[in-house]
Amino acid sequence: MAQFIMIIVSAMFINNFVVVQFLGICPFLGVSKDFKSALGMGLAVTFVMTLTCLITYPIYTLILVPLNIEYMEIIIFIFVIASLVQMIEMALKRFSPTLYNAMGIYLPLITTNCAVLGVAELVIDTKQIAGLIGIATGSMNIGFAVLYGLFAGLGFTLAIVLMSGLREKVARLPINKHLKGFPIAMIVACFIAMAFYVFALI
Amino acid sequence: MKTNFKKIATDGVITQNPTLKLVLGTCPTLALTTMAMNGIYMGLAVTFVLICSNVLISLLRKLIPSQVRIPAFVLIIATFVTLVRLLLDKLLPDAYEVLGLYLPLIVVNCIILARAESFASKNGVIASATDGLFMGIGFTLALTLMGAFREILGAGAVFGITLWNFQIGFFSSSAGSFFTYALFIAIFSLVSSTISKSKRKKLSRLNGENLTAEV
């Protein structure tokens, strides 16, 4: 149980993917102009991140490591993610049109989202991940990998939703034309990062 | 068609600077600018991948069917990133250590895919290689400058050499990273708009036009 809480706190807050590890910044800045699309993007990313961990972790430990071809990981992972996103898109279109309408337009963007490839690379880096969630290096398994993917995704959702709320307010303010767009969004992100910094002190 | 190399060069480094003007490849920019040296490492790795992928994509541009071009580009880029990773691991272990997770993530760096899509798939080999080189230089310069700025203020040092004993912790934190990037984009936009305005003024004076009419 303590382990479970540790993973949640570490993945969502202390090592938040967006504002602490800087993964998935493109959608964080690009799709955070309004609350609804931010939530849709966040949940779509969470879904893909969880599934990615579920697939890439066994591929790495059961196929690549025994065959001694770890160096193929980048090519294989990006291939898995791209096909996974494509399959999810087709499945959603076929079985759940409502969900497809809510999430569909964000799905193609997810292939090139570094948060997804980032989590796949992070969970196989046993030394680093064990340090992050506070377990012994040897006891890393697929369960931890999938949980980490899920909560890292929820952390991403949290950050992007917070960002969208703040940006809706900031959009109404008169802003210098050179600060409009990306710079002001990054200053807002700067404050979110400061808030998350508090968790690192725990 | 004659290739305008001067335009490719100024586009890559200044007018279309991938980091400051197009705001592409933001993840490594924010994560690695804590030190100036990181900017150079990351910049070199990205430049290498950019040049190689631009050349190969430009060579294959007539062979790749347009429906599957994006997966094909990603596969080509992933191959070169794997190569860079293996090379760095052997030749520059320091850089390999520092870049860590962000090295495999070059695959999903939007700069490379954007150049493949908008330049290399439409232009000749030499032009594409030049574009890759100067886009890479633009990226490296921006990252190194931001890295130096944050290192000077956050750690009182530059390229690892201590300058003074004065540090503002904010600039080495993740919040400072967002702030520095915002500051650099805003200053870049301010400077470039001032320069283009003064150029326009000079031009209209040369042409003897009425300045107020244009404004």
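Scoring rules and cut-offs
Residues numbered from 1 in each chain as written. Chains lettered and ligands numbered in written order. Predicted model: local features only at pLDDT ≥ 70, side-chain atom pairs only at ≥ 80, totals over all residues. Heavy atoms only, no water. Contact = heavy atoms within 4.5 Å. Buried area = accessible area lost by both parts, 1.4 Å probe. Salt bridge = Lys/Arg side-chain N within 4 Å of Asp/Glu carboxyl O. Polar contact = N/O pair within 3.5 Å; in protein donor to acceptor, adjacent residues only side chain to side chain. Helix = DSSP H or I, 4+ residues; strand = E, 2+ residues; numbered from the N terminus. Buried < 20%, exposed > 50% of the residue type's maximum accessible area, 1.4 Å probe, protein only. pLDDT = per-residue confidence, 0-100. Lys, Arg positive; Asp, Glu negative; His and termini not counted. Expected span 1.5 Å × (residues − 1). Bend = angle between axes of the 7 residues up to and from the residue. Patch = residues over 30% accessible without salt bridge, like charges linked within 9 Å, V, L, I, M, F, W, Y side chains within 5 Å. Areas by Shrake-Rupley, 256 points an atom, 1.4 Å probe, with all protein chains shown as cover. Disulfide = S-S within 2.5 Å. Phe/Tyr/Trp six-rings, centres within 6.5 Å; stacked < 30°, edge-to-face > 60°.

### Brief notes about the interface of chain B and chain A
Alright, step 1. On the chain A side, the residues contacting the 34 residues of chain B number 30 residues.
Alright, step 2. Taking both sides of the interface into account, the surface hidden between chain B and chain A amounts to around 2900 Å²; carbon and sulfur atoms contribute 82%.
Alright, step 3. The largest share of the area that chain B buries against chain A comes from B:L101, B:V108 and B:F178, three residues that together contribute 22% of it.
Alright, step 4. The interface formed by chain B and chain A contains two salt bridges.
Alright, step 5. Measuring nitrogen to oxygen at the nearest pair gives 3.9 Å for the salt bridge that ties A:E121 to B:R85.
Alright, step 6. At the junction of chain B and chain A, the tally comes to four residue pairs in polar contact (both at pLDDT 80 or more).
Alright, step 7. Elements with a minimum of two residues in the side of chain B that touches chain A: α2 (26–32), α4 (69–91), α6 (110–120) and α9 (174–206) of chain B.

### Observations regarding unusual backbone geometry
Glycine aside, the phi torsion of most residues is negative, and most peptide linkages are trans.
All names here are of chain A.
Alright, step 1. Positive phi is not limited to glycine here, since F22 has a value of about 55°.
Alright, step 2. Inspection of the secondary structure puts F22 in the loop between α1 (2–14) and α2 (25–30).
Alright, step 3. A relative accessible area of 5% places F22 in the buried class.

### Thoughts on the pattern of salt bridges
Alright, step 1. Inspection of the entire model under this criterion finds five salt bridges over all chains.
Alright, step 2. Between B:E117 and B:R69 there is a salt bridge, with the nearest N and O atoms lying 2.8 Å from each other. Separated by 48 residues along the polypeptide, B:E117 in helix α6 and B:R69 in helix α4 bring together distant segments of the chain.
Alright, step 3. Given the relative accessible area of 26%, B:E117 is considered partly exposed.
Alright, step 4. Relative accessible area serves as the criterion here: at 28%, B:R69 is assigned to the partly exposed category.
Alright, step 5. Three or more residues are tied together by salt bridges with common partners; here these are A:E73, A:E121 and B:R85.

### Observations concerning the confidence of the model for chain B
Alright, step 1. Chain-level statistics for chain B give a pLDDT mean of 87 and a share of 95% at 70 or above.
Alright, step 2. Mean pLDDT across the secondary structure elements of chain B bottoms out at helix α10 (residues 211–214) of chain B, with 48, and peaks at helix α3 (residues 36–60) of chain B, with 93.

### Brief notes about the side chain of B:R150
All names here are of chain B.
Alright, step 1. Within the secondary structure layout, R150 lies in helix α7 (residues 125–155).
Alright, step 2. No salt bridge is formed by the buried R150. Its closest oppositely charged neighbour is E151, at 9.7 Å.
Alright, step 3. The contact partners of R150, leaving out residues within four places of it in the chain, are L30, T33, T34, A155, F171, S172, S173, G176, S177 and T180.

### Remarks on helix α3 (residues 35–67) of chain A
Residues and elements named next belong to chain A.
Alright, step 1. Helix length check: α3, at 33 residues, gives a terminal C-alpha distance of 46 Å against a target of 48 Å (1.5 Å per residue), a fit within 8%.
Alright, step 2. In the structure, α3 departs most strongly from a straight axis at Y60, where the bend amounts to approximately 35°.
Alright, step 3. Looking at the residues trailing α3, positive phi occurs at N68, about 60°.

### Here we look at a nonpolar patch on the surface
Residue and element names in this part refer to chain B.
Alright, step 1. The grouping of F5, L56, L59, V125 and I126 at the surface amounts to a nonpolar patch, some 430 Å² of accessible area in total.
Alright, step 2. For the nonpolar patch, the elements supplying multiple residues, two or more each, are α3 and α7.
Alright, step 3. Mapping V125 onto the fold places it in helix α7.

### Things to note about the state of the cysteines
All names here are of chain A.
Alright, step 1. Applying the stated criterion to the full structure yields zero disulfides over all chains.
Alright, step 2. Note on C53: no disulfide assigned, nearest cysteine sulfur contributed by C114 at a separation of 15 Å.
Alright, step 3. C53 sits in the buried class, given a relative accessible area of 0%.

### Remarks on the packing of aromatic side chains
Alright, step 1. Within this structure, the stated rule accounts for eleven aromatic pairs over all chains.
Alright, step 2. Aromatic pair A:F4 and A:F151: ring centres 6.1 Å apart, planes at 85°, arrangement edge-to-face. Here A:F4 is found in helix α1, whereas its partner A:F151 is found in helix α9 (residues 142–170), with 147 residues between them in sequence.
Alright, step 3. With a centroid separation of 6.4 Å and an interplanar angle of 25°, the aromatic rings of A:F13 and A:F196 are classed as stacked. Of the two residues, A:F13 is situated in helix α1 and A:F196 in helix α10 (residues 182–200); the sequence distance between them amounts to 183 residues.
Alright, step 4. Members of the aromatic cluster, joined through ring pairs, are B:F149, B:F170, B:F171, B:F179 and B:F184.

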